[in-house]
Amino acid sequence: MTTAADTSPEELRERMVRGLVERGAIVSSSVEAAFRAVPRHRFAPEVPAEQVYGAPEAIFTKRADDGRAVSSVTAPWLHARMLEAARPTPGMRVLEIGSGGCNAALLAEIVGPTGAVTSLDIDPDITGRARRLLGETGYERVRIRTGDGALPLTEAPDGGWDRIVVTTGSADLPDAWFDQLAPDGRLIVPLRFRGLARTLAFVREEGHLRSDASIVSGFLAMQGRSAHAPRTIELAGDDVRLVVDENQPCDEPALQQAFSTHSHETWTGVRLNGSEGLLPRLDVWLAGSLAPYGRLRASGVAAERGLVGWVLGTGAATVWNGSSLAYLALRQAPEQHDHFELGVISHGPDRHRLGDSLADAVVRWDRTARRTGDPVVRAYRRNDAEQPDGVVIEKPSARLTVT
Ligand SMILES: C[S@@+](CC[C@H](N)C(=O)[O-])C[C@H]1O[C@@H](n2cnc3c(N)ncnc32)[C@H](O)[C@@H]1O
């Protein structure tokens, strides 16, 4: 019998590429060729090649003193999907924010000898390591720089970067990214807003940016000037938490009190098939339609103890006011076992009205937005004259809307 340990890195890589193509993570021939060419295992030499090529998730390469991961080699499926969203072509000038070596090598393969890749990381240990690994694998042409990716890079090309690929989770869109993106450039960024994490591809539209691709994905948090920790409210100790943006009004004791009282359920009649993948779209659409909006997260223990309804590990869309809160929950659709039904569980003195308003929003989404694909996120600079209408998600340097 042949074990994974007997299999060469080249065979393991081929197997990984075939899997990524079959699953639709790799679509274009340029990304496929880059994945075949780059020896991924040499960018995580601390772990066995079979783990590097078999890993569905990131491989952590540096941890802080408290054990928190601060750097990693991103998962292959996510590298692939981000490259597909970035659409780099030969000759382009690309800035990668957050280094590791592997993604920069993939980009260098695609832009070729007439293009240029610069990779920037805030951590000198990471840039030192990336420079060494890229040198050892023949990609010394990638330029490595140490600095904060939220700030402008003085060596940006005239006319801006054709692609800016951010590989660290950002809660902001700093001015530097608006300023240093070419007019027809694409900015790929793992954005955090309202307790959600989506990697979005942005293009310019008039004076602002508009998303045209979205990937559900978590990333290690950005450090430096744009570092950000969301506010977490413990509704039932650590087992049930509400994650909200810092600038959203939230009366913590009032919500804790509300959560400890009776709940009310409102079922919407809106059904989803588990394989449609529509819930992540609904979550973003609701974040752009309702304010305030956050995410309720519950541990397995909370579910076992009946503290919450059926909510997924990624959390549940939640709205609140000064006295009450309401969150989205699921139940098996009656008489249709491959579907589930969306409903709302609400607590507090205003639970009926608040529950109805969230349920109404779900019904509105079902009627108007369910079939329109990924919600579009628009990003406006905070200081621009052009300012959006409707529900606005405030970020330190930008304003977001979702339609
Ligand atoms: C997920 S890792 C990068 C993965 C890498 N691109 C790869 O090839 O797989 C995220 C990196 O972002 C870096 N980082 C965090 N905040 C940053 C900032 N403000 N500017 C530049 N790099 C930053 C971290 O040091 C970390 O090395």
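Every value quoted in this text rests on a predicted model; they were computed, and no experiment measured them. (Residues numbered from 1 in each chain as written. Predicted model: local features only at pLDDT ≥ 70, side-chain atom pairs only at ≥ 80, totals over all residues. Heavy atoms only, no water.)

1. Looking at the overall build of the protein chain
This is how the line gets drawn: In DSSP terms, a helix is any run of H or I states spanning at least four residues, a strand is any run of E spanning at least two, and both are numbered starting from the N terminus. Radius of gyration here is computed from C-alpha atoms only, and the compact-globule reference equals 2.2 Å multiplied by the residue count raised to the power 0.38. When accessible area is computed with a 1.4 Å probe and restricted to protein chains, residues below 20% of their type maximum are described as buried, those above 50% as exposed, and intermediate ones as partly exposed.
Helix and strand content of the protein chain: 11 helices and 19 strands. For the protein chain, the C-alpha radius of gyration of 22 Å lies close to 22 Å, the compact-globule estimate for 403 residues. C-alpha atoms of the protein chain, sized along the principal axes, occupy 65 × 65 × 45 Å. Going through the 403 residues of the protein chain one by one, you find that 54% of them count as buried.

2. Re the site of the ligand
Put simply, the rule reads: Here, proximity means that at least one heavy atom of the residue falls within 4 Å of the molecule or strand. Polar contact criterion, stated in full: a pair of N or O atoms within 3.5 Å, where within protein one must be able to donate a hydrogen and the other to accept it, and residues adjacent in sequence count only if both atoms are side-chain atoms. Areas reported as accessible are Shrake-Rupley estimates using a 1.4 Å probe. Residue values count occlusion only from the protein chains shown.
In the vicinity of the ligand, 26 residues are found, and the nearest of them are Ser71, Gly98, Asp121, Gly149 and Gln223. Take Thr74: an N or O atom from its main chain is 2.9 Å from an oxygen atom of the ligand. A total of 610 Å² of accessible area belongs to the ligand in isolation, and the protein chains cover 99% of it. Counting only elements with at least two residues in the shell around the ligand, the list comes to strand S2 (69-73), strand S3 (93-97), helix H5 (102-111) and strand S4 (116-121).

3. Notes on the nonpolar core
For clarity, the threshold we go by: Residues grouped as a nonpolar core are buried Ala, Val, Leu, Ile, Met, Phe, Trp, Tyr and Cys residues, joined through side-chain atoms within 4.5 Å. An automatic or database domain assignment provides the domain bounds reported here.
Leu173, Trp177, Leu187, Phe202, Leu286, Leu328 and Leu342 are the most contacted members of the largest nonpolar core, which has 56 residues in total. A total of seven residues in this core trace back to one element, the largest contributor, which is helix H11 (residues 351-368). Formed jointly, this core draws a minimum of three residues from each of two domains, domain 1 (4-226) and domain 2 (231-368). If you look at the next biggest cluster of nonpolar residues, it comprises 48 residues, including Leu20, Val94, Cys102 and Leu133.

4. Describing the domain arrangement of the protein chain
Many descriptions give the size of an interface as the accessible area lost when the pieces come together. Inclusion rule: It only takes one pair of heavy atoms within 4.5 Å for two residues to be counted as in contact. Here the buried area means the combined drop in accessible surface, using a 1.4 Å probe, for two parts upon being joined, counting both sides. Criterion for a salt bridge: a side-chain nitrogen of Lys or Arg within 4 Å of a carboxyl oxygen of Asp or Glu. Each residue gets one label: Ala, Val, Leu, Ile, Met, Phe, Trp, Tyr, Cys and Pro are nonpolar, Asp, Glu, Lys and Arg are charged, and the others, such as Gly, are polar.
When the domains of the protein chain are assigned, the result is domain 1 (4-226) and domain 2 (231-368). Taken over C-alpha atoms, the centre of domain 1 sits 33 Å from the centre of domain 2. Taken residue by residue, the interface counts six residues in domain 1 and 12 residues in domain 2. Of the roughly 770 Å² buried where domain 1 meets domain 2, counting both sides, 57% is carbon and sulfur surface. Considering only the surface of domain 1 that becomes buried against domain 2, Arg194, Gly195 and Leu196 emerge as the three largest contributors, covering 73% of it. Our count for the contact surface shared by domain 1 and domain 2 stands at one salt bridge. Across the pair Arg194 and Asp245 runs a salt bridge whose closest N-O atoms are separated by 3.3 Å. Counting across the domain 1 and domain 2 interface gives two residue pairs in polar contact (both at pLDDT 80 or more). Here the residues of the side of domain 1 that touches domain 2 are counted per class, giving three nonpolar, one polar and two charged.

5. Examining helix H9 (residues 279-287)
Burial within H9 is extensive, with seven of its nine residues counted as buried. Those residues of H9 not exposed but buried are Leu279, Leu282, Asp283, Val284, Trp285, Leu286 and Ala287.

6. Considerations on the pattern of salt bridges
One pass over the structure, following the stated rule, counts 28 salt bridges. When the shortest N-O distance is used, the salt bridge between Asp212 and Arg186 registers 2.9 Å. Taken together, the residues Asp212 in strand S9 (residues 208-216) and Arg186 in strand S7 (residues 181-193) connect sequence positions 26 residues apart. We classify Asp212 as partly exposed; its relative accessible area is 32%. For Arg186, a relative accessible area of 4% corresponds to the buried category. Ionic pairing is found between Asp239 and Arg305, a salt bridge with its closest N-O pair at 3.6 Å. Taken together, the residues Asp239 in the loop between strand S10 (231-236) and strand S11 (240-244) and Arg305 in the loop between helix H10 (300-304) and strand S14 (316-320) connect sequence positions 66 residues apart. Within this structure, Glu14, Arg18, Glu32 and Arg36 form a network of salt bridges that share partners.

7. Topic: the sheet that holds S9
Applicable threshold: DSSP calls a pair of strands paired once it identifies at least 2 bridges connecting them. Where helices are involved, their axes are fitted lines through C-alpha atoms of the stretch in contact, as for all axes, and angles between N-to-C directions lie from 0 to 180°.
One open sheet accounts for 10 strands, arranged S5-S4-S3-S6-S7-S8-S9-S17-S19-S18; its pairing is mixed. The strands lining the two open edges of the sheet, one partner per strand, are strand S5 (143-146) and strand S18 (393-394). Two strands pair when backbone bridges link them, and strand S8 (residues 196-205) and S9 are joined in this way by eight bridges, in the antiparallel orientation. Looking across to S9, one finds that Arg204 is bridged to Leu209. Sitting on the sheet, helix H6 (residues 124-136) touches S4 and S5, and the angle it makes with S5 is about 170 degrees.

8. Some details on the sheet that holds strand S13 (residues 294-298)
Within a beta sheet, neighbouring strands are joined by backbone hydrogen bonds and run either parallel or antiparallel to one another. A sheet is described by the order of its strands in space; here seven strands give the open sequence S10-S11-S13-S14-S15-S16-S12, paired in antiparallel fashion. The open sheet is flanked by S10 and strand S12 (263-273), the only strands paired with a single partner. When strand polarity is set aside, the average angle formed by the axes of neighbouring strands in this sheet is 30 degrees. Pairing of S14 with strand S15 (residues 325-332), which is carried by three bridges, proceeds in the antiparallel orientation. Note on S15: the bridge partner recorded for Thr318 is Tyr327. Across the sheet, helix H8 (residues 252-259) is in contact with S10, S11, S14, S15 and strand S16 (339-347); its angle to S10 comes to roughly 30 degrees. Along the sheet face, H11 touches S12, S14, S15 and S16 and points at about 5 degrees away from the line of S12.

9. Structural notes on the packing of H9 against H11
Under the convention used in this document: For any helix crossing, the convention is left-handed if the near helix is rotated counterclockwise from the far helix by under a right angle, and right-handed if that rotation is clockwise.
Contact pair H9 / H11: the axes reach a minimum separation of 11 Å and the direction vectors enclose 115 degrees. The crossing of H9 and H11 is right-handed. Mapping the contact onto sequence places Leu282, Trp285 and Leu286 in H9 and Leu358, Ala361, Arg364, Trp365 and Thr368 in H11. Within the contact of H9 with H11, the residues separate by chemical class into six nonpolar, one polar and one charged.

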